[in-house]
Amino acid sequence: MGLGLRWTLHGDGRTPAPGAVVRPDERLSWPRTAGLGAQHVVAMFGATFVAPVLMGLDPNLAIMMSGVATMVFLLVTRGRVPSYLGSSLSFVGVAAAIRASGGDSATITGALLVVGAVLLLAGFVVQRFGARVIHAVMPPVVTGAVVMLIGFNLAPVTASTYWPQDQWTALLTMLFTGLAVVALRGFWSRVAIFLGLVFGYAVSWLSDLLFGKIHSPAGGAEAVDHWRLDLTAVAEADWIGLPALHAPEFRWSAILVALPVVIALIAENAGHVKAVGEMTGDRLDDALGTAIGADGAATVLSTAVGGPATTTYSENIGVMAATRVYSTAAYWAAACFAVLFGLCPKFGAVIAAIPGGVLGGITVILYGMIGLLGAQIWLAGNVDLRNPLNLVPVAAGVIIGVGGVTLEITDTFELNGIALGTIVVLTGYHVLRALAPAHMREQEPLLDEGTSSYDTGGDTGSGSEKR
């Protein structure tokens, strides 16, 4: 079996036919593939750059290791699961708790490395016993809810961090990007996100020329006068530079704080694989354990040199949903760009200079697409939300995940957001199922064979079947 490094040219390599899908083992021409890779970099860069900053880690190292992690993931999954692995935001609260208890960056990365190792072990378990292990725990109602709360959990980032920096640029960028996705034809419609970025850059530059500085929050801080497009850091940055590396340090107290996040990572990966399966129409059940294990291996590799934990990125699912291009060649291009950005502080500074208002306009569309993929999983799995067994845990979990509800276990350990929402959905569904009357349970067997129509026909262990 190959490593997924061979692609068939889709059509003439230029413009896919209306409604056509570029499959993972296909590609467009290399210039167009490179352009799509650049769009994936744009989609992941904000969160991948912000997460290490919030955790006190080197953002340039995070960018470089996200590229390396993506390459590892694509090789391990043999190109079957198009995905980008960026910095996990699930550990921001963990990092704050570890630092509050006297830990440093080495302590944080040591705890995250252990979580990666546990995730790798979980991948082996799923691969050994089959996707039914995940399906038994996360049937369609659960996976749909997890995907939805992961996507909508990102909404406050847009609402409180990006959008307020320049609401009018955000609005114009959102309108332009939405119009480009719907109205443009051919290849241009498939790079609409990138076009929205360029448009937003231009609007910010013109606004600075015409109106001067804007008085608004800068990155979520107190409102100050600042330029919308500030390229000062670009001029000061070096062309070539190696990110700072450091070895991890292991402390049980820090590890115990970080370990519960593995639940969210498994849910994120399972939701990602299901979402990709829905979009591509491929059977990916047998790749689920491999994908989880690959993410674990990538996290171990990243944290071993001082980088953050990685996870499959919801942002890039949104790009695939908008472009309908699922080619892993585009992800290889994105990974190569990320490594170059990590080794070139000047290129990283250019991307980091994306005005907050521009990111606000783009992420409104992308994050919404991610959340609504959860609803698509419900539709494909024939989930009946009129059934209280489905409705109650989903309602509670989604609100907790989206609203960022926090449950303080001890003074140094708490569960919130995605992790707490996931636990509520999982435990709530299975506890209620055990107590529910028979007529509520009959709709959906616990050991179902999957979460969508592509599972019809049983588990053959092969990924070659298509709809």
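Our structure's up above, just so we're on the same page.
Rules behind the numbers
Residues numbered from 1 in each chain as written. Predicted model: local features only at pLDDT ≥ 70, side-chain atom pairs only at ≥ 80, totals over all residues. Heavy atoms only, no water. Core = buried A, V, L, I, M, F, W, Y, C linked by side-chain atoms within 4.5 Å. Buried < 20%, exposed > 50% of the residue type's maximum accessible area, 1.4 Å probe, protein only. Helix = DSSP H or I, 4+ residues; strand = E, 2+ residues; numbered from the N terminus. Contact = heavy atoms within 4.5 Å. Salt bridge = Lys/Arg side-chain N within 4 Å of Asp/Glu carboxyl O. Patch = residues over 30% accessible without salt bridge, like charges linked within 9 Å, V, L, I, M, F, W, Y side chains within 5 Å. Areas by Shrake-Rupley, 256 points an atom, 1.4 Å probe, with all protein chains shown as cover. Expected span 1.5 Å × (residues − 1). Arc of directions from axis to C-beta. Polar contact = N/O pair within 3.5 Å; in protein donor to acceptor, adjacent residues only side chain to side chain.

Undergrad: Can you tell me about the nonpolar core, naming the residues and giving the values?
TA: Residues Phe-91, Ile-134, Met-138, Val-142, Ile-266 and Ile-292 are the most contacted members of the largest nonpolar core, which totals 76 residues. Sort the elements by how many residues they give to this core and helix 13 (residues 261–280) lands first, with ten residues. Residue contacts for Ile-266: discarding those within four places in its chain leaves Leu-119, Ala-122, Ile-134, Met-138 and Ile-292. Counting 15 residues, the second largest nonpolar core, distinct from the first, contains Val-42, Ile-193, Leu-197 and Tyr-367.

Undergrad: Report on the side chain of Asp-166, specifying residues and quantitative values.
TA: Along the chain, Asp-166 falls in the loop between helix 7 (155–162) and helix 8 (167–183). Owing to a relative accessible area of 7%, Asp-166 belongs among the buried residues under this scheme. Beyond its immediate stretch of four places on either side in the chain, Asp-166 contacts Ile-214, Arg-228 and Gly-357.

Undergrad: How would you explain unusual backbone geometry if you had to name every residue and give the values?
TA: Among all residues except glycine, the phi angle is most often negative; among peptide bonds, the trans geometry is most common. At Arg-78, a residue that is not glycine, the phi angle is positive and equals roughly 55°. For Arg-78, the location among the structural elements is in the loop between helix 2 (59–76) and strand 3 (85–87). Residue class for Arg-78 comes out partly exposed when judged on its relative accessible area of 34%.

Undergrad: Any chance you could break down the pattern of salt bridges for me, citing the residues and the numbers?
TA: Under the criterion given, the structure shown has four salt bridges. The partner of Arg-228 in a salt bridge is Asp-166, with the nearest N and O atoms 3.2 Å apart. Here the residue Arg-228 occupies a position in the loop between strand 5 (223–226) and helix 11 (232–236), and Asp-166 occupies one in the loop between helix 7 and helix 8, the gap between them amounting to 62 residues. Two residues, Arg-251 and Glu-249, come together in a salt bridge whose shortest N-O distance is 3.1 Å. Relative accessible area serves as the criterion here: at 33%, Arg-251 is assigned to the partly exposed category. Judged by its relative accessible area of 30%, Glu-249 falls in the partly exposed class.

Undergrad: Before we move on, can you summarise a nonpolar patch on the surface with the specific residues and values?
TA: Taken together, the side chains of Leu-121, Phe-124, Val-125, Phe-129 and Val-133 define a hydrophobic patch exposed on the protein surface, amounting to about 490 Å² of accessible area. Among the elements that line the nonpolar patch, the one with the most residues is helix 4 (residues 105–129), at four residues. Mapped onto the elements of the fold, Val-133 is located in helix 5 (residues 132–137). In this structure Val-133 comes out as partly exposed when scored by relative accessible area, which is 32%.

Undergrad: Please set out helix 19 (residues 388–403) residue by residue, giving values where relevant.
TA: Here helix 19 contains 16 residues, and its C-alpha end-to-end distance of 22 Å stays within 8% of the 22 Å for a straight helix at 1.5 Å per residue. By the burial criterion, the buried members of helix 19 are Leu-389, Asn-390, Pro-393, Val-394, Gly-397, Val-398, Ile-400 and Gly-401. Down the axis of helix 19, the buried set is contained in an arc of 165°. They therefore lie on one face. When the buried face of helix 19 is taken as reference, the exposed residues oriented beyond 90 degrees from it are Ile-399 and Gly-403. The distance from a side-chain oxygen at the start of helix 19 to the backbone nitrogen of Leu-389 is 3.0 Å, and the residue carrying that oxygen is Asn-387. Downstream of helix 19 by a residue or two, Gly-404 has a phi angle that is positive, lying close to 70°.

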